[in-house]
Amino acid sequence: MKVISSRDNSLYKELKQLAGSAQSRRKAGRSLLDGVHLAQAFLQQGGHAEVCVVADSAQYHAEVAPLVAQCEVAGSQCVVLPDALYQALSQVENGIGLLLVIATPQPAVPRQLTAAAVLLDGLQDPGNLGSILRSAAAAGIHQIFCSPGTVAAWSPKVLRAGMGAHFLLQIYENADLPALCEHSSVPVLATSSHAQQTIYEADLHAGVAWLFGHEGQGVGEALLNTASAQVVIPHLGAMESLNVAAAAAVCFFEQVRQQQSR
């Protein structure tokens, strides 16, 4: 592995720019997988890292060494950094020093919804998006469609919150949600506090597309009107609504319950 010890090294400067700037990551079409768990999840799904970066103190760590070796065999560029230089790249506190640079997946958005999916309209919080991705993957939903204005799905905070779910999903960004809803071959269900039908009354045995909106404003009215149906999650307490990530998890696993009961 190549050892980089200078802050003036051209590759290190490039890594520093990617680590510190969302605009640089978008322009380069690259994402950073920071930490052992994300790296391991990515490689387990057959992913190829362009660059593997390891902190000097971590290169012989029992969890890190096999992952670095796997990257070397796959032809990734592998570099070792002094701990101080590595920490300037990492956003993980007290983590084990491993970081992968990957090409950001950018699949073409299909013209039609044909299977179970999640549609996200203007979601803003990285933690909420990551949690929804994790719940969707756990519930066996594979397609995620994000409208323009939704937080970047491959940002470091969303990746950490997703805990590896990204690599089990097809994530489409800047998707035209109204067009997808209009041409969907599966029912599109939107959650709304004003709906009459509860999710427990809805038939979720077949695939459905779930539509969730902005944390404060919900799904836009025009888009809401394109949904096949609106459903509500009943609750007994005095809270007006659930957090969107919590609401999504309730919906996904009610669908799992109904499917498994059959």
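In case you missed it, the structure is sitting above this.
Residues numbered from 1 in each chain as written. Predicted model: local features only at pLDDT ≥ 70, side-chain atom pairs only at ≥ 80, totals over all residues. Heavy atoms only, no water.

Trainee: Even after reading the chapter, I still don't get the packing of aromatic side chains, so can you show me in this structure?
Mentor: Two measures describe an aromatic ring pair: the distance that separates the ring centres and the angle between the ring planes. The final tally for this structure, using the stated rule, is 5 aromatic pairs. Considering the side-chain rings of W210 and F212, the 6.4 Å spacing of their centres and the 15° angle between planes classify their relative orientation as stacked. Of the residues examined, F212 reaches a relative accessible area of 1% and is grouped as buried. Each ring, one from F212 and one from F252, has its centre 6.0 Å from the other, and the planes form 80°; the classification is edge-to-face. (Phe/Tyr/Trp six-rings, centres within 6.5 Å; stacked < 30°, edge-to-face > 60°. Buried < 20%, exposed > 50% of the residue type's maximum accessible area, 1.4 Å probe, protein only.)

Trainee: Whenever I open this one, the pattern of salt bridges confuses me. Can you help?
Mentor: Close approach of charged atoms lets side chains of opposite charge pair. Under the criterion given, the structure shown has 2 salt bridges. Residue R30 is joined to E50 by a salt bridge in which the shortest nitrogen-to-oxygen separation is 2.6 Å. Taken together, the positions of R30 in strand β2 (residues 30-34) and E50 in the loop between α3 (36-44) and β3 (51-55) put the pair 20 residues apart, joining distant regions of the chain. Relative accessible area serves as the criterion here: at 27%, R30 is assigned to the partly exposed category. A salt bridge links R257 to E254, with the shortest nitrogen-to-oxygen separation between them at 2.8 Å. Of the two residues, R257 and E254 are both situated in helix α10 (residues 244-261); the distance of 3 residues between them amounts to about one turn of the helix. (Salt bridge = Lys/Arg side-chain N within 4 Å of Asp/Glu carboxyl O. Helix = DSSP H or I, 4+ residues; strand = E, 2+ residues; numbered from the N terminus.)

Trainee: In this structure, what is going on with the nonpolar core? I would like to understand it.
Mentor: A general feature of soluble globular proteins is that nonpolar side chains tend to end up buried together. Judged by nonpolar contacts, the single largest core of 73 residues is most densely connected at L100, W210 and F252. Considering every element that reaches this core, the biggest residue donor is α10, with 7 residues. Once residues within four sequence positions are removed from consideration, F252 is found in contact with V118, I132, S135, A136, A139, I141, W210 and F212. Ranked by size, the runner-up nonpolar core spans 18 residues in total, among them L113, A190, V219 and L224. (Core = buried A, V, L, I, M, F, W, Y, C linked by side-chain atoms within 4.5 Å. Contact = heavy atoms within 4.5 Å.)

Trainee: Could you clarify how one ought to interpret the side chain of R25 in this entry?
Mentor: Relative to the elements of secondary structure, R25 occurs in helix α2 (residues 22-28). Ignoring sequence-local partners within four residues, the contact set of R25 consists of L18, A19, G20, R30, L32 and P156.

Trainee: Could you clarify how one ought to interpret unusual backbone geometry in this entry?
Mentor: Keep in mind that most residues, glycine aside, have a negative phi and that most peptide bonds are trans. Its identity is not glycine, yet N94 carries a phi of approximately 55°, on the positive side. Relative to the elements of secondary structure, N94 occurs in the loop between α5 (83-87) and β5 (98-103).

Trainee: When you look at the pairing of strand β9 (residues 188-191) in this model, what are you seeing that I'm missing?
Mentor: One face of the sheet, then the other: side chains in a regular strand alternate in exactly this way. Note that β9 and strand β11 (residues 209-213) share 3 bridges and pair parallel. Bridge pairing in β11 links V188 to A209. Alignment of β9 against strand β12 (residues 229-232), held across 3 bridges, turns out to be parallel. Note that in β12 the partner of L189 across the bridge is A229. (Pairing = 2+ DSSP bridges.)

Trainee: Is there a simple way to think about the packing of α3 against helix α4 (residues 64-73) in this case?
Mentor: Between two packed helices, the angle of one axis relative to the other and the distance separating the axes together describe the packing. At a closest axis distance of 11 Å, the pairing of α3 and α4 adopts a crossing angle of 45°. As far as their axial angle goes, α4 and α3 are oblique. Where α3 crosses over α4, the handedness of that crossing is left-handed. Residues V36, A39, Q40 and L43 of α3 pack against V64, L67, Q70 and C71 of α4. Looking at the contact of α3 with α4, its residues break down into 6 nonpolar, 2 polar and no charged. (Axes fitted to C-alpha atoms, helices over the stretch in contact; angles between N-to-C directions. Parallel < 35°, antiparallel > 145°, perpendicular 65-115°, else oblique. Left-handed = near helix turned anticlockwise from the far one by under 90°. Nonpolar A, V, L, I, M, F, W, Y, C, P; charged D, E, K, R; others polar.)

Trainee: How should I be thinking about the side chain of S192 in this particular structure?
Mentor: Here S192 shows up in the loop between β9 and β10 (197-198). If we ignore the near neighbours within four places in the chain, the residues touching S192 are Q230, V231 and V232.

Trainee: Quick question: what am I supposed to make of the environment of A139 here?
Mentor: Examined against the element boundaries, A139 turns out to sit in the loop between α6 (126-138) and β7 (143-146). For A139, a relative accessible area of 15% corresponds to the buried category. Setting aside residues no more than four positions away along its own chain, A139 makes contact with F252, F253 and V256.

Purely geometric stuff here, so don't read any function into it on its own.
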